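A look at the structure
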Amino acid sequence: LDGLAGGTSLISISIIALLAFDAGGEMVVLISMAVAGSILGFLRHNTYPARLFMGDTGSQFLGFSLGVLVILLSQSINSAMSPLVPLFILGLPILDTIAVMGQRLYEKRSPFSPDKNHIHHKLLHLGFDHYEAVFIIYLAQSSMVAIAYFMMYESDMVLTVIYCAFSAMVLGAFSLAHKVNWKYEEKDKPKKTSLGDFINFLHVKGWLESVPRNVLAILVPVILIISALVAPAIQIDTVVLALVLLFTLLVTFFLKSAIAGFLEKAVVYIVSVIAVYHFSAIPDPLINNIINVLFAAIVLAFILRIRFSTDRSFQVTPLDYLVILLIIIVPNIPEAHMNDSNMGEMAIKLVILFYTSEAVMGFTGKGWSFIKAGVIITLAITLLRGL
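Quick notes on the rules
Residues numbered from 1 in each chain as written. Predicted model: local features only at pLDDT ≥ 70, side-chain atom pairs only at ≥ 80, totals over all residues. Heavy atoms only, no water. Helix = DSSP H or I, 4+ residues; strand = E, 2+ residues; numbered from the N terminus. Buried < 20%, exposed > 50% of the residue type's maximum accessible area, 1.4 Å probe, protein only. Salt bridge = Lys/Arg side-chain N within 4 Å of Asp/Glu carboxyl O. Lys, Arg positive; Asp, Glu negative; His and termini not counted. Polar contact = N/O pair within 3.5 Å; in protein donor to acceptor, adjacent residues only side chain to side chain. Core = buried A, V, L, I, M, F, W, Y, C linked by side-chain atoms within 4.5 Å. Contact = heavy atoms within 4.5 Å. Phe/Tyr/Trp six-rings, centres within 6.5 Å; stacked < 30°, edge-to-face > 60°. Expected span 1.5 Å × (residues − 1). Arc of directions from axis to C-beta. Axes fitted to C-alpha atoms, helices over the stretch in contact; angles between N-to-C directions. Parallel < 35°, antiparallel > 145°, perpendicular 65-115°, else oblique. Left-handed = near helix turned anticlockwise from the far one by under 90°. Nonpolar A, V, L, I, M, F, W, Y, C, P; charged D, E, K, R; others polar.

On to the environment of Arg44. Locating Arg44 in the fold gives a position in helix α2 (residues 26-46). Of the residues examined, Arg44 reaches a relative accessible area of 52% and is grouped as exposed. Taking the C-alpha atoms as reference points, Arg44 and Asp320, separated by 276 residues in sequence, lie 9.4 Å from one another.

Encoded structure:
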């Protein structure tokens, strides 16, 4: 499936890099991050619907890289960890391989014969969409690498029991679904309720599309403006940056090519970074709580917009889920070597602003005009307060 091999490899290679970094294995870290970077660039064009596809050369390179790096990690870099940790780092692919080969042998076929009994085939057969199947496998593989991180010094017996239990749970779920003929797309229709009727009424009226759209178009620029107003202090380098960004926006008014849109988006993203930085320095708990409520509101509006909007100018792909998982989880991992205790919260807010800003910039008309006006006001306030 589109994004499946690259995404699961990226999850595994990232945990290898983190564990090697903790153990001082600089060479494994460098190689792992180089491979991870190439995967991330490839996934940009390989997630569903893909424009670029992986062949045997790419998949075998990834498998070889993961195999070599995980052996170096567990046998050389950090030999104190359990030798079963690689079983979790490469958890779902190993389980998938063992399961399909076992089934082929049971059916008296060659273990290398092709079929459609892989985990992703089973998920599609159960009625999940392409991207849903990929996302489910991402979550399962993320769970496996989380176990590898937090339980790498447990005994071999404990890890064996956990892996067998996880495998039995996954394979047993598929077996049970097959026996009862359960289908995701054929679930019983929910019974009519007052809440369901109300949601359907809102959907028919178009309010579940228009209201979240308007909330995003207003709240995103408002949050940017608030960041400039409540910032405890404006540094001189921020003032200089604000001046450069204002000049950049001024230049875009005279450009008619695609470069103008690129520059406008770049300014919005940079202002979002400045806003999150300013929020992290606010000492007043009341102001922080108000800001968190505003962020929660735009997250809710964003979710409703993705769920009910018929506008396809902005869509979330499995790659987006993967990036969100990596950006949010990594700063919050114990011993992640983050000097700033607010780094995890800053990462979450930055991801929220990036995605909601991208959604707003996909709007035509007033929505896009609001965020441009908000950015200009934010930069102007930053200049006035910093001078």
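To continue, consider the pattern of salt bridges. Using the criterion set out here, one finds five salt bridges in the structure. A salt bridge links Glu264 to Lys372; the shortest N-O distance between them is 3.9 Å. Here the residue Glu264 occupies a position in helix α12 (residues 258-280), and Lys372 occupies one in helix α16 (residues 366-386), the gap between them amounting to 108 residues. A relative accessible area of 27% places Lys372 in the partly exposed class.

On to the side chain of Asp96. Here Asp96 is to be found in helix α5 (residues 91-106). At 7.5 Å, Lys122 is the nearest oppositely charged side chain to Asp96, a buried residue that forms no salt bridge.

A separate point is the side chain of Ser65. Turning to its location among the elements, Ser65 is positioned in helix α3 (residues 56-77). Among the polar contacts listed, one links the side chain of Ser65 to the backbone oxygen of Phe61, at a separation of 2.8 Å.

Moving on, we get to the nonpolar core. Side chains that are nonpolar tend, in soluble globular proteins, to be buried together. With 49 residues, the main nonpolar core has Ile15, Ile16, Leu19 and Ile89 as its most contacted residues. Sorting the residues of this core by element identifies α1 (4-22), α2, α3, α4 (85-89), α5, α6 (119-125), α7 (130-150) and α8 (156-179) as the ones contributing at least two each. With ten residues, the single largest contributor to this core is α7. Not counting chain neighbours up to four residues away, the residues in contact with Ile16 comprise Val28, Ser32, Leu66, Leu69, Val70, Leu73 and Ile89.

Moving on, we get to the packing of aromatic side chains. Tallied over the full model, the rule gives five aromatic pairs. Between the aromatic rings of Phe88 and Tyr163, the centroid separation amounts to 5.5 Å while the plane-to-plane angle is 85°, which identifies the pairing as edge-to-face. In this pair, Phe88 is assigned in helix α4 and Tyr163 in helix α8, connecting sequence segments 75 residues apart. Between Tyr149 and Phe150, the ring centres sit 5.1 Å apart and the planes meet at 85°, which makes this aromatic pair edge-to-face.

The end-to-end C-alpha distance of α3, which contains 22 residues, comes to 29 Å, matching closely the 32 Å that a straight helix rising 1.5 Å per residue would cover. Here α3 has its buried residues at Leu62, Ser65, Leu66, Leu69, Val70, Leu73 and Ser74. Along the long axis of α3, the arc covered by the buried residues comes to 135°, so they all point the same way. Exposed and facing more than 90 degrees away from the buried side of α3 are Asp56, Thr57, Gln60, Phe64, Ile71, Gln75 and Ser76. The inward-facing, buried residues of α3 abut α1, α2 and α4.

Let's shift gears to unusual backbone geometry. Keep in mind that most residues, glycine aside, have a negative phi and that most peptide bonds are trans. A positive phi angle is found at Lys108, which is not glycine, with a value near 60°. Of note, Lys108 is situated in the loop between α5 and α6. Given the relative accessible area of 79%, Lys108 is considered exposed. Although it is not a glycine, Asn181 adopts a positive phi angle of roughly 60°. You can see Asn181 is positioned in the loop between α8 and α9 (194-205). With relative accessibility at 55%, the residue Asn181 sits in the exposed group.

Our focus in this paragraph is the packing of helix α10 (residues 207-230) against α12. In helix packing, the relevant descriptors are the interaxial angle and the interaxial distance, both defined with respect to the helix axes. Following both chains from N to C, one finds α10 and α12 inclined at 45°, their axes separated by 9 Å at the closest point. On the basis of the axis angle, α10 is oblique to α12. For α10 against α12, the interelement crossing comes out left-handed. Contact residues: Ile223, Leu224, Ile226, Ser227 and Val230 in α10; Val271, Ser272, Ala275, His278 and Phe279 in α12. For the contact of α10 with α12, a count of residues per class yields seven nonpolar, three polar and no charged.

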